[in-house]
Amino acid sequence: MKNLKPVLFYLVFAFAATINMQCKDNKKEETPEASETIVKEKLAIEKSEFGKTEDGISIEQYALKNANGIEMNVITYGGRITSLKVPNKNGDLENVVLGFDNIEDYQKDNPFFGALIGRYGNRIAKGKFTLEGNEYNLATNDGSNHLHGGVNGYDRVIWKAEPIKEMENSSLRLTYLSKDGEEGYPGNLNITVVYTLTKDNAVEVTYEATTDKTTVVNLTQHAYFNLTGDFSKDILGHDVVLNADAYLPVDATLIPTGEIKKVEGTPFDFTSSKKIGKEINTDNEQLKLGKGYDHCWVLNGEKDAMRFAASAYDEASGRFMEVFSDEPGIQFYTGNFLDGTLPMPNGGTYGHRTGFCLETQHFPDSPNQNEFPSVILKPGETYSTKTTFKFSVK
């Protein structure tokens, strides 16, 4: 028996040591480093080929995901958001932005679905402006006016993409050099746009640009939203708020008249929550000109400061979207020209007013209207702006 005691002691000691090591291993799995690795896996940015252009150029698609399961797809053709899946009040993920599932449809005529817009978002009257004594002539691709950068605006160029993996957010950096004279604009413009899908279910869009020659710049994002997740339904039942006490009336060609008009007492008053469809068909001259809402609202708040700009809510799904921006204006467009001719990815077509846009931007035709906030960018300066689309349920 005396001879067995050392052996028994050794076996008990070895067993205890093994248990202790296992406990340490389990604790090691719970260390911050290990947790961070798991988070990184959930934030993985997946790259795939979306298709090839008519010229045989391969278009990349990047899927950005956050830890909550939200997924946003972006393609290098036009920097377009092709899909954005967010949960409804039951936790079901559905796409809430209009788009196509193939490059062929994006290359055909379409209303800028999900695209980055530039060099100048919105309209410039007669496609002309004068800058430092020089007159510049642009393409007139919207009747007699220039719209969204021209015939081959930034919605039709191929952006260079670079994934950025962070601990809490996943981002995609897009860059493009818009050469001097492209679509009639002066100056070589170096542009960087970063899409960030955050841990708290927001999509941040940051823009920066520099030029080697005085030019005009007004970049925006042209996503069409339908928070129902069912694109066979129109958007007239969405409740919208616009943080704006005034808007810009337009002429027959949708160019601002120069007047800044109070929204109070008009169908353009969205200072408190109101359904899009409540007054959209009112006998109002401005609504007739736009065939609905297609106007720029003058945002309240401090100039160049990040602030609440707008919100949209779909009661049936519970989806709630808030928009924050440092821009002076927001173009609210209600899909008035969608006419049932464009195909949806899962069959059917996009009908009248099945998507709405909230395009944060400077005012339309600013290069020709000196009283509007300036859109001039000079060498040595940096164009910088940011807009956030935050999603939740209620």
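Residues numbered from 1 in each chain as written. Predicted model: local features only at pLDDT ≥ 70, side-chain atom pairs only at ≥ 80, totals over all residues. Heavy atoms only, no water.

Draft legend 1. Focus on the overall build of the protein chain. Each helix and strand counted, the protein chain has four helices and 27 strands in total. The 394 residues of the protein chain split such that 52% are buried. In the protein chain, of all internal contacts separated by at least 6 residues, the share reaching a separation of at least 24 is 65%. By element, 50% of the accessible surface of the protein chain is carried by carbon and sulfur atoms, the whole surface being about 18,100 Å². (Helix = DSSP H or I, 4+ residues; strand = E, 2+ residues; numbered from the N terminus. Buried < 20%, exposed > 50% of the residue type's maximum accessible area, 1.4 Å probe, protein only. Contact = heavy atoms within 4.5 Å. Areas by Shrake-Rupley, 256 points an atom, 1.4 Å probe, with all protein chains shown as cover.)

Draft legend 2. Here's a closer look at the confidence of the model for the protein chain. Of the residues in the protein chain, 89% have a pLDDT of 70 or more, and the chain-wide mean is 91. The secondary-structure element of the protein chain with the lowest mean pLDDT is helix α1 (residues 4–29), recorded at 40, while strand β17 (residues 239–242) shows the highest, at 99. Here residues 1–40 is a poorly scored stretch, pLDDT under 50, and it has six contacts once near neighbours within four places are set aside; other chains count. (pLDDT = per-residue confidence, 0-100.)

Draft legend 3. Main features of the packing of aromatic side chains. A full pass over the atoms with the stated rule returns 29 aromatic pairs. Measuring from centroid to centroid gives 4.9 Å for F113 and Y224, while their planes differ by 85 degrees, and the two rings are edge-to-face. Remark: Y224 occurs in the loop between β16 (220–222) and β17 and F113 occurs in the loop between α3 (103–107) and β6 (115–117); sequence separation between them is 111 residues. When its relative accessible area of 0% is taken as the criterion, F113 is described as buried. Take Y224: its relative accessible area is 2%, and that puts it in the buried class. (Phe/Tyr/Trp six-rings, centres within 6.5 Å; stacked < 30°, edge-to-face > 60°.)

Draft legend 4. Layout of empty space enclosed by the protein. One pass over the structure, following the stated rule, counts two cavities of 30 Å³ or more. The space that makes up the largest cavity amounts to roughly 50 Å³. Lining the largest cavity are I81, L84, V97, V203, V205, Q221, A223, F225 and F389. Elements with a contribution of two residues or more to the lining of the largest cavity: β4 (81–87) and β14 (202–211). (1 Å grid on protein atoms, 1.4 Å probe; cavity = no way out; pocket = protein on both sides within 12 Å on 5 of 7 lines; lining within 4 Å. Points joined across faces, edges and corners; volume = space filled by probe spheres on them.)

Draft legend 5. Quick peek at the sheet that holds strand β2 (residues 58–65). Within the open sheet, the five strands sit side by side as β1-β2-β3-β4-β5. Their pairing is antiparallel. Looking at which strands have only one partner, the edges of the open sheet turn out to be β1 (46–52) and β5 (93–95). When strand polarity is set aside, the average angle formed by the axes of neighbouring strands in this sheet is 20 degrees. Bridging between β4 and β5 involves three bridges; their strand directions are antiparallel. Within β5, the residue paired with P87 across the bridge is L93. (Pairing = 2+ DSSP bridges. Axes fitted to C-alpha atoms, helices over the stretch in contact; angles between N-to-C directions.)

Draft legend 6. Representation of the nonpolar core within the structure. Membership of the largest hydrophobic core comes to 60 residues, with the highest contact counts inside it found for W297, M321, F332 and F391. Looking at this core element by element, the count peaks at five residues for strand β13 (residues 189–197). Those residues in contact with W297, other than ones at most four positions away along the chain, are L242, A244, A246, Y247, V263, F268, F270, P328, G329, I330 and F332. Grouped together as the second largest cluster of nonpolar side chains are 17 residues, I59, F113, Y224 and C357 included. (Core = buried A, V, L, I, M, F, W, Y, C linked by side-chain atoms within 4.5 Å.)

Draft legend 7. Layout of the layout of surface pockets. Estimates place the volume of the largest pocket at around 630 Å³. What lines the largest pocket is a set of 27 residues, among which N110, P111, F112, L147 and Y224 lie closest to the centre. Its residues assigned to classes, the lining of the largest pocket comprises 10 nonpolar, nine polar and eight charged. Taken as a whole, the second largest pocket spans an internal volume of roughly 430 Å³. K303, D304, P328, H362 and S374 are, among the 21 residues lining the second largest pocket, the residues nearest its centre. Going through the elements one at a time, β21 (294–299), β26 (376–377) and β27 (383–393) are the ones with two or more residues in the lining of the second largest pocket. Of all the elements, β27 adds the most residues to the lining of the second largest pocket, at three residues. (Nonpolar A, V, L, I, M, F, W, Y, C, P; charged D, E, K, R; others polar.)

Draft legend 8. Structural view of the sheet that holds β13. In space, the nine strands of this open sheet follow the order β11-β12-β13-β14-β27-β23-β22-β17-β20, with antiparallel pairing throughout. Strands at the two margins of the open sheet, each flanked by one partner only, are β11 (160–165) and β20 (274–275). Sheet analysis places β14 next to β27, joined by eight bridges and oriented antiparallel. Paired with Y207 across the two strands is T385, which belongs to β27.

Draft legend 9. Structural detail: the pattern of salt bridges. Taken as a whole and assessed by the stated rule, the structure comprises 15 salt bridges. For the salt bridge of D155 with R80, the shortest nitrogen-to-oxygen distance reads 3.6 Å. With D155 in the loop between β10 (146–147) and β11 and R80 in the loop between β3 (71–75) and β4, this residue pair connects regions lying 75 residues apart in the sequence. Across the pair, R80 and D155 agree in class, each one buried. Measuring nitrogen to oxygen at the nearest pair gives 2.9 Å for the salt bridge that ties R319 to E94. Remark: E94 occurs in strand β5 and R319 occurs in strand β23 (residues 319–325); sequence separation between them is 225 residues. Overall, R319 belongs to the buried group, its relative accessible area being 1%. Taking relative accessible area as the criterion, E94 reaches 29% and is therefore assigned partly exposed. A single salt-bridge network, built from bridges that share partners, covers R80, D155 and R156. (Salt bridge = Lys/Arg side-chain N within 4 Å of Asp/Glu carboxyl O.)

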